[in-house]
Amino acid sequence: MTSTANTTDDAADLHEAGRLLFAGSADFYAAAQTLDRLPPMEGIEIAFAGRSNVGKSSLINALTGRNTLARVSHTPGRTQQLNFFKVGDRMSLVDMPGYGYAAVEKAKVEAWTSLIHSYLKGRANLARVFVLIDARHGLKSIDTDVLDGLDKAAVSYQVVLTKGDALKKGQVESRLAGIQAALAKRPAAYPELILTSSRDDLGVADLRAAVARLLAERGA
Ligand SMILES: Nc1nc2c(ncn2[C@@H]2O[C@H](COP(=O)(O)OP(=O)(O)OP(=O)(O)O)[C@@H](O)[C@H]2O)c(=O)[nH]1
Ligand SMILES: [Mg+2]
């Protein structure tokens, strides 16, 4: 067998593992607005972070194949707490409050920021943070601030582009290349970039496969 065939087989296996991983139960089980309300650490956690309105809750719904598991916003800044979803019996997905929503009061922003930072730094079972970036806009300075923080705290993260359906065909390559180049210099960034659309189910199977690979690496 050639190495290409092996690679293809591995990719197919991971996609199947990813499909199975998300084919079972998915349930909301905890919400935390302050650190002392975090649920006990159990299994592996994977967090979804990103600017307000980037599509975090929608992507969690797309991954789990449930339209109403995580609440999708009609107004930005909707998710104001860490929401925990148990997927199968080995893993939890964590829907994080969005950052960078200007209309929210300063005191509230500070409270969220401190909650998010403490959670990200102090959670031993947090295997990876998916940092969602709107494919139409690319990396904004507020995103690079967050990536700087994750690099500094050595929290493993992977960038996932959202709303890929809204990108014109000719824009995809250059958008991906630009972000890939920016990530190459970042120590805690996982190199694979995934383009998704919750609306069109684009890249959702790839993201499930990335989660399956992560769990396999962790021996979970
Ligand atoms: N075109 C398009 N719109 C999307 C997609 N995913 C989400 N949206 C829209 O973007 C808006 C925000 O989606 P959410 O999933 O609530 O975003 P969020 O990041 O959880 O937002 P906050 O909780 O407020 O931080 C909603 O109007 C969604 O319908 C997508 O793949 N394509
Ligand atoms: Mg949300």
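One can find the structure itself at the top, above this paragraph.
Residues numbered from 1 in each chain as written. Chains lettered and ligands numbered in written order. Predicted model: local features only at pLDDT ≥ 70, side-chain atom pairs only at ≥ 80, totals over all residues. Heavy atoms only, no water.

A.B. asks: Help me out: how do you make sense of the nonpolar core in this one?
C.D. replies: A general trend in soluble globular proteins is that nonpolar side chains are found buried together. Core analysis: the biggest nonpolar cluster contains 34 residues, and M96, Y119, V129 and Y157 have the highest contact counts within it. At the level of secondary structure, the elements contributing two or more residues to this core comprise β1 (26-32), β2 (44-50), β3 (82-87), α3 (106-122), β5 (126-134), α4 (141-153), β6 (157-162) and α5 (169-184). If one sorts the elements of this core by residue count, α3 sits on top with 5 residues. Setting aside chain neighbours within four positions, we find Y157 in contact with R128, V129, V131, L147, L150, D151, L183, R186, A188, A189 and Y190. Within the second largest apolar cluster, 31 residues are counted, among which are L59, M91, I194 and V204. (Core = buried A, V, L, I, M, F, W, Y, C linked by side-chain atoms within 4.5 Å. Buried < 20%, exposed > 50% of the residue type's maximum accessible area, 1.4 Å probe, protein only. Helix = DSSP H or I, 4+ residues; strand = E, 2+ residues; numbered from the N terminus. Contact = heavy atoms within 4.5 Å.)

A.B. asks: I'm lost on the sheet that holds β2 in this one. Help?
C.D. replies: Backbone-to-backbone hydrogen bonds join strands into a sheet, with any given pair of strands oriented parallel or antiparallel. The 7 strands lie next to each other as β1-β3-β4-β2-β5-β6-β7, forming an open sheet whose pairing is mixed. A single partner strand is all that each edge strand has here, and the edge strands are β1 and β7 (194-195). Pairing geometry for β3 and strand β4 (residues 91-95), over 5 bridges, is antiparallel. Residue pairing in the sheet places N83 in a bridge with D95 of β4. (Pairing = 2+ DSSP bridges.)

A.B. asks: Help me out: how do you make sense of the environment of V172 in this one?
C.D. replies: Mapped onto the fold, V172 is located in helix α5. V172 sits in the buried class, given a relative accessible area of 18%. Residues V172 and V109, 63 residues apart in the sequence, show an inter-C-alpha distance of 33 Å. Once residues within four sequence positions are removed from consideration, V172 is found in contact with L167 and L195.

A.B. asks: How do you make sense of the pattern of salt bridges when you look at a structure like this?
C.D. replies: All told, the structure shown has 6 salt bridges when counted by the stated rule. Measuring nitrogen to oxygen at the nearest pair gives 2.9 Å for the salt bridge that ties R19 to E16. With a gap of 3 residues between them, R19 and E16 both fall in helix α1 (residues 3-21), about one helical turn apart. Residue class for E16 comes out partly exposed when judged on its relative accessible area of 36%. Of the charged contacts in the structure, one is a salt bridge between R123 and E45, with a shortest N-O distance of 2.8 Å. Taken together, the residues R123 in the loop between α3 and β5 and E45 in strand β2 connect sequence positions 78 residues apart. There is no split in this pair, since R123 and E45 are both buried. (Salt bridge = Lys/Arg side-chain N within 4 Å of Asp/Glu carboxyl O.)

In short, geometric facts, not functional conclusions.
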